[in-house]
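A structural walkthrough
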Amino acid sequence: MEKIALKLLGMINSQSQSGAYTLILGETEGKRRLPILINGFEAQAILFHIEQIKIPRPLTHDLFKNFADTFGISFREVIISKFAQGIFYGTLVCEDASGIKEIDSRTSDAIALAVRFNCPIFTYEAVLEAAGVSIEEEPDIDDLATGGIGSQPEGYDYDKFTVEELEEMMNEAIEKEDYERASQLRDIINRRKPGK
């Protein structure tokens, strides 16, 4: 299966879940985005490393990197390997003296480790097709890093809209860089399609 390279574009506060963030990954050779909802701890671990914020004691991901470095384990890559029932699955591809090993991981932990090991992040076409959103214009990365996002009021009734109307709403959300709403609409559309 051919791997698709991704880059970390930024992170935004989630309006739908308190204390959560939406991590935005994008194709390095394309316009699709992969929004992934993560909790505050992993968001903090990623931001602390990217922004080079020094803390007195190592976080769990820093400890894991120190352990791996001490015992000669290197990270070759991180793969967002599957998306099923709204959950992303990650795989750590590591190497030591005995060879290459693949380790199952939560995607948020895998990304937190990828930034520490400076290793590439990949996914597969099936994951992007199921959970990705497409955009026509490149987003402003500064806006993605810290900005909040809009959402419909809680309890908003999407049942009254057709699939075509929902797709139009999703495209409008993408244009506004409201990736969380776009991913919610994508999930609603996918549930309405036959065979889903």
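A short tour of the structure in this document, coming up. Since the structure is predicted, the reported quantities are computational estimates derived from the model, not experimental observations.

Section: the sheet that holds strand S2 (residues 20-27)
Taken in spatial order, the 8 strands of this open sheet run S6-S5-S4-S7-S1-S2-S3-S8, and their pairing is mixed. Strands at the two margins of the open sheet, each flanked by one partner only, are strand S6 (99-106) and strand S8 (133-134). Against the sheet, helix H3 (residues 107-117) contacts strand S1 (3-13), S2, strand S3 (32-39), strand S4 (74-84), strand S5 (87-96), S6 and strand S7 (121-124), and its axis sits at roughly 130 degrees relative to S6.

Digging into the layout of surface pockets
The probe, sized like a water molecule, is rolled over the atoms to show the empty space still left. Size it by volume and the largest pocket reaches roughly 530 Å³. Lining the largest pocket are 26 residues; nearest its centre among them are Ile-36, Leu-37, Ile-38, Gly-86 and Phe-88. Taken together, the residues that form the lining of the largest pocket break down as 9 nonpolar, 11 polar and 6 charged. When residues of the lining of the largest pocket are assigned to domains, at least three fall in each of domain 1 (3-144) and domain 2 (158-192). Size it by volume and the second largest pocket reaches roughly 270 Å³. Around the second largest pocket, the lining comprises 17 residues; the ones closest to its centre are Glu-129, Gly-132, Arg-186, Asn-190 and Lys-193. Partitioned by chemical class, the residues of the lining of the second largest pocket number 7 nonpolar, 4 polar and 6 charged. Structurally, the lining of the second largest pocket is a two-domain feature, drawing no fewer than three residues from each of domain 1 (3-144) and domain 2 (158-192).

Describing the nonpolar core
Ranked by internal contacts, the top residues of the largest apolar core, which has 31 residues, are Leu-34, Ile-36, Ile-80 and Phe-88. Looking at this core element by element, the count peaks at 6 residues for H3. With near-sequence residues (within four places) excluded, Ile-36 lies in contact with Tyr-21, Thr-22, Leu-23, Leu-25, Ile-80, Phe-88 and Thr-107.

About the cut-offs
- Residues numbered from 1 in each chain as written.
- Predicted model: local features only at pLDDT ≥ 70, side-chain atom pairs only at ≥ 80, totals over all residues.
- Heavy atoms only, no water.
- Pairing = 2+ DSSP bridges.
- Helix = DSSP H or I, 4+ residues; strand = E, 2+ residues; numbered from the N terminus.
- Contact = heavy atoms within 4.5 Å.
- Axes fitted to C-alpha atoms, helices over the stretch in contact; angles between N-to-C directions.
- 1 Å grid on protein atoms, 1.4 Å probe; cavity = no way out; pocket = protein on both sides within 12 Å on 5 of 7 lines; lining within 4 Å.
- Points joined across faces, edges and corners; volume = space filled by probe spheres on them.
- Nonpolar A, V, L, I, M, F, W, Y, C, P; charged D, E, K, R; others polar.
- Domains from an automatic or database assignment.
- Core = buried A, V, L, I, M, F, W, Y, C linked by side-chain atoms within 4.5 Å.
- Buried < 20%, exposed > 50% of the residue type's maximum accessible area, 1.4 Å probe, protein only.

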